[in-house]
Amino acid sequence: AFQLELDTRHDKYERLVKLSRDITIESKRTIFLLHRFTSVPNGEEILNESEVKLDAVRRKIKQVAQELIGEDMYQFHRAISPGLQEYVEAVSFQYFIKTRSLISVEEINKQLIFTAEDREETTNTTSNSHDKQPHTWSLKVTPVDYLLGVADLTGELMRLCISSVGNGDIDTPFELSQFLCQIYDGFTFIGNTGPYEVSKKLYTLKQSLAKVENACYTLKVRGSEIPKHMLADVFSTKTELIDQEEGLS
């Protein structure tokens, strides 16, 4: 009986790892799609398409929530954490493009409350023990997953900054610089008191902020000298120099 219980738990863990991998892949595709927002004439279509993709991701998260009914989530947290972090990154990136602000963990969790509308599909595959499952269930993103997702978001915002300059948008880099400064301040308050993974992300966050600030500096000081179509090339060479300097130090 004990061996059977261990095998069942191991199988569930493997299923969750596969679902987490699917969530990661779909979230990455959503992020790649959102990066086209600055280069297309009709950005609303991109946002609508990204919402459809995120709905598909949420359906995958719903399957995770069903697997975790009656289980301690933290026993399987390592299996689902990478997928949730990538989902947080995708959702917060979309939210930033829409509102120019950071989505809260409460708002993210509000979107992860599911109802049993497609219960008929799952009753054939679930065991009798799942007949007592509730009509609504949820999966909560932990504060650590939220923080790690937001830390990854800064890298995407840095890329958004460079691409928007390449498209002749001069205002976005200054907005992004202020926004990233606020996020960096928040993370420095946590410092080394938070989880190890969070303090590890602080270095990457600092790099992203330095690249955006460097872009703003170039725009302010030398913006009138450089033709708009060449600005992106100038920034890419400058960011390479920053990387080399940090590698030497």
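Up top is the structure.
Calculation criteria
Residues numbered from 1 in each chain as written. Predicted model: local features only at pLDDT ≥ 70, side-chain atom pairs only at ≥ 80, totals over all residues. Heavy atoms only, no water. Helix = DSSP H or I, 4+ residues; strand = E, 2+ residues; numbered from the N terminus. Buried < 20%, exposed > 50% of the residue type's maximum accessible area, 1.4 Å probe, protein only. Contact = heavy atoms within 4.5 Å. Areas by Shrake-Rupley, 256 points an atom, 1.4 Å probe, with all protein chains shown as cover. Expected span 1.5 Å × (residues − 1). Polar contact = N/O pair within 3.5 Å; in protein donor to acceptor, adjacent residues only side chain to side chain. Salt bridge = Lys/Arg side-chain N within 4 Å of Asp/Glu carboxyl O. Core = buried A, V, L, I, M, F, W, Y, C linked by side-chain atoms within 4.5 Å. Phe/Tyr/Trp six-rings, centres within 6.5 Å; stacked < 30°, edge-to-face > 60°.

*Asks:* When you look at the overall build of the protein chain in this model, what are you seeing that I'm missing?
*Replies:* When you go through the protein chain residue by residue, the secondary structure sums to nine helices and two strands. Counting every position in the protein chain, which comprises 249 residues, the buried fraction comes to 43%. The long-range share in the protein chain, meaning contacts at least 24 apart out of those at least 6 apart in sequence, stands at 75%. Carbon and sulfur atoms make up 52% of the accessible area of the protein chain, which amounts to about 13,900 Å² in all.

*Asks:* Help me understand helix 2 (residues 43-67) in this model?
*Replies:* Working note: α-helix, 3.6 residues per turn, so residues spaced by three or four point in the same direction. Compared with an ideal rise of 1.5 Å per residue, which puts 25 residues at 36 Å, helix 2 spans 37 Å between its outermost C-alpha atoms and is within 8% of the ideal. Between the side-chain oxygen of the N-cap and the backbone nitrogen of Glu44 there are 3.3 Å, and the N-cap of helix 2 in question is Asn42.

*Asks:* Can you help me understand the pattern of salt bridges in this one?
*Replies:* Pairs can form between side chains of opposite charge once their charged atoms are near each other. Per the counting criterion, the structure on display carries 13 salt bridges. Between Lys12 and Glu67 there is a salt bridge, and its shortest N-O distance comes to 3.5 Å. Residue Lys12 is located in helix 1 (residues 2-34), and its partner Glu67 is located in helix 2; the two are separated by 55 residues in the primary sequence. For the pair formed by Lys12 and Glu67, the shared burial category is buried. The shortest N-O distance in the salt bridge between Asp55 and Arg58 comes to 3.1 Å. On the criterion of helical spacing, the pair formed by Asp55 and Arg58 is a turn pair, its members being three residues apart in helix 2. On the basis of relative accessible area, Arg58 is assigned to the buried category, the value being 10%. In this structure, a network of salt bridges that share partners links the residues Arg9, Lys12, Arg15, Glu67 and Glu71.

*Asks:* Even after reading the chapter, I still don't get the nonpolar core, so can you show me in this structure?
*Replies:* Taken as a class, soluble globular proteins show a tendency for nonpolar side chains to be buried jointly. Counting 59 residues, the largest nonpolar core has Ile61, Tyr87, Ile108, Leu139 and Leu157 as the members making the most contacts within it. Counting only elements with at least two residues in this core, the list comes to helix 1, helix 2, helix 3 (77-99), helix 4 (105-110), helix 6 (143-166), helix 7 (172-190) and helix 8 (196-222). Beyond its immediate chain neighbours, meaning those up to four positions away, Ile61 contacts Ile23, Leu84, Tyr87, Leu112, Phe114 and Leu139.

*Asks:* Any chance you could explain the packing of aromatic side chains here in plain terms?
*Replies:* Where two aromatic rings form a pair, the distance of their centres and the angle of their planes describe that pair. Under the defined criterion, the tally for this structure stands at two aromatic pairs. Between the aromatic rings of Tyr13 and Phe76, the centroid separation amounts to 6.4 Å while the plane-to-plane angle is 40°, which identifies the pairing as tilted. Residue Tyr13 is found in helix 1, and its partner Phe76 is found in the loop between helix 2 and helix 3; the two are separated by 63 residues along the sequence. Taking relative accessible area as the criterion, Tyr13 reaches 25% and is therefore assigned partly exposed. With a relative accessible area of 1%, Phe76 lands in the buried category. Between Phe96 and Phe179, the ring centres sit 4.6 Å apart and the planes meet at 40°, which makes this aromatic pair tilted.

*Asks:* Explanation requested: helix 3 in the structure shown.
*Replies:* The end-to-end C-alpha distance of helix 3 is 31 Å, a good match for the 33 Å that 23 residues give at a rise of 1.5 Å each. Here helix 3 lies mainly inside the structure; 18 of its 23 residues are buried. Phi for Arg100, located one or two positions after helix 3, is positive at around 60°.

*Asks:* So what exactly am I meant to see when it comes to the side chain of Glu86 here?
*Replies:* Assignment of secondary structure puts Glu86 in helix 3. Setting aside chain neighbours within four positions, we find Glu86 in contact with Thr24, Ser27, Lys28 and Ile31.

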